[in-house]
Amino acid sequence: MQIIAALQAVVTANPSDGEPSAAELDAIELEMPLIRAEVELLDAQIMTIDRPANELDERRIRRARRRVLAARRVLANRATAQVPGVGA
């Protein structure tokens, strides 16, 4: 009889590795305005899936897109400001 054994390390994560680190939580917190804006845009788009968009729906989608762009701009400016020698 031949013994069968795993030749590689276990691929499942350790139970202690299941939670995000403090740095990951901070990064998520910084991106939360963008996440909320993207969810709002998605909600506005979902409402118009099964029916034609009326004027109110179009305005809601435009406002949501502007919020997404504004949140992305804030994140990009924050990232640029943190890079030494850039944005000065």
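You'll find the structure just up there.
Here's a quick rundown of the structure.

Here is what the cut-offs are and how they apply
Residues numbered from 1 in each chain as written. Predicted model: local features only at pLDDT ≥ 70, side-chain atom pairs only at ≥ 80, totals over all residues. Heavy atoms only, no water. Helix = DSSP H or I, 4+ residues; strand = E, 2+ residues; numbered from the N terminus. Buried < 20%, exposed > 50% of the residue type's maximum accessible area, 1.4 Å probe, protein only. Contact = heavy atoms within 4.5 Å. Axes fitted to C-alpha atoms, helices over the stretch in contact; angles between N-to-C directions. Parallel < 35°, antiparallel > 145°, perpendicular 65-115°, else oblique. Left-handed = near helix turned anticlockwise from the far one by under 90°. Nonpolar A, V, L, I, M, F, W, Y, C, P; charged D, E, K, R; others polar. Core = buried A, V, L, I, M, F, W, Y, C linked by side-chain atoms within 4.5 Å. Salt bridge = Lys/Arg side-chain N within 4 Å of Asp/Glu carboxyl O.

1. Points about the overall build of the protein
Then, in step 1: Within the protein one finds two helices and zero strands.
Then, in step 2: Within the span of the protein, comprising 88 residues, buried residues form 11% of the whole.
Then, in step 3: Of the contacts formed within the protein by residues at least 6 apart in sequence, a portion of 55% connects residues at least 24 apart.

2. Observations concerning the packing of helix H1 (residues 22-47) against helix H2 (residues 55-82)
Then, in step 1: Closest axis-to-axis distance for the H1/H2 pair is 9 Å, and the angle between their directions is 160 degrees. One element, H1, and the other, H2, form an angle in the roughly antiparallel class. Relative to H2, the crossing made by H1 is left-handed. Residues Leu30, Glu31, Pro33, Leu34, Ala37, Glu38, Glu40, Leu41, Ala44, Gln45 and Met47 of H1 pack against Asp57, Arg60, Ile61, Ala64, Arg65, Arg67, Val68, Ala71, Arg72, Leu75 and Arg78 of H2.
Then, in step 2: Broken down by class, the residue content of the contact of H1 with H2 amounts to 12 nonpolar, one polar and nine charged.

3. Description of the nonpolar core
Then, in step 1: Membership of the largest hydrophobic core is limited to eight residues, which are Leu34, Ala37, Leu41, Ala44, Ile61, Ala64, Val68 and Ala71.
Then, in step 2: Sorting the residues of this core by element identifies H1 and H2 as the ones contributing at least two each.
Then, in step 3: Other than its neighbours up to four places away in sequence, Ile61 contacts Leu41, Ala44, Gln45 and Thr48.

4. Section: the pattern of salt bridges
Pairing is possible between side chains that carry opposite charge, provided their charged atoms lie close to one another.
Then, in step 1: Applying the stated rule across the entire model yields five salt bridges.
Then, in step 2: Across the pair Glu38 and Arg72 runs a salt bridge, and its minimum N-O distance is 3.4 Å. Here Glu38 is found in helix H1, whereas its partner Arg72 is found in helix H2, with 34 residues between them in sequence.
Then, in step 3: A salt bridge links Arg60 to Asp57; its shortest N-O distance comes to 3.1 Å. You can see Arg60 and its partner Asp57 sitting in helix H2, three residues apart, about one turn around the helix.
Then, in step 4: Classification of Arg60 by relative accessible area gives partly exposed; the value is 28%.

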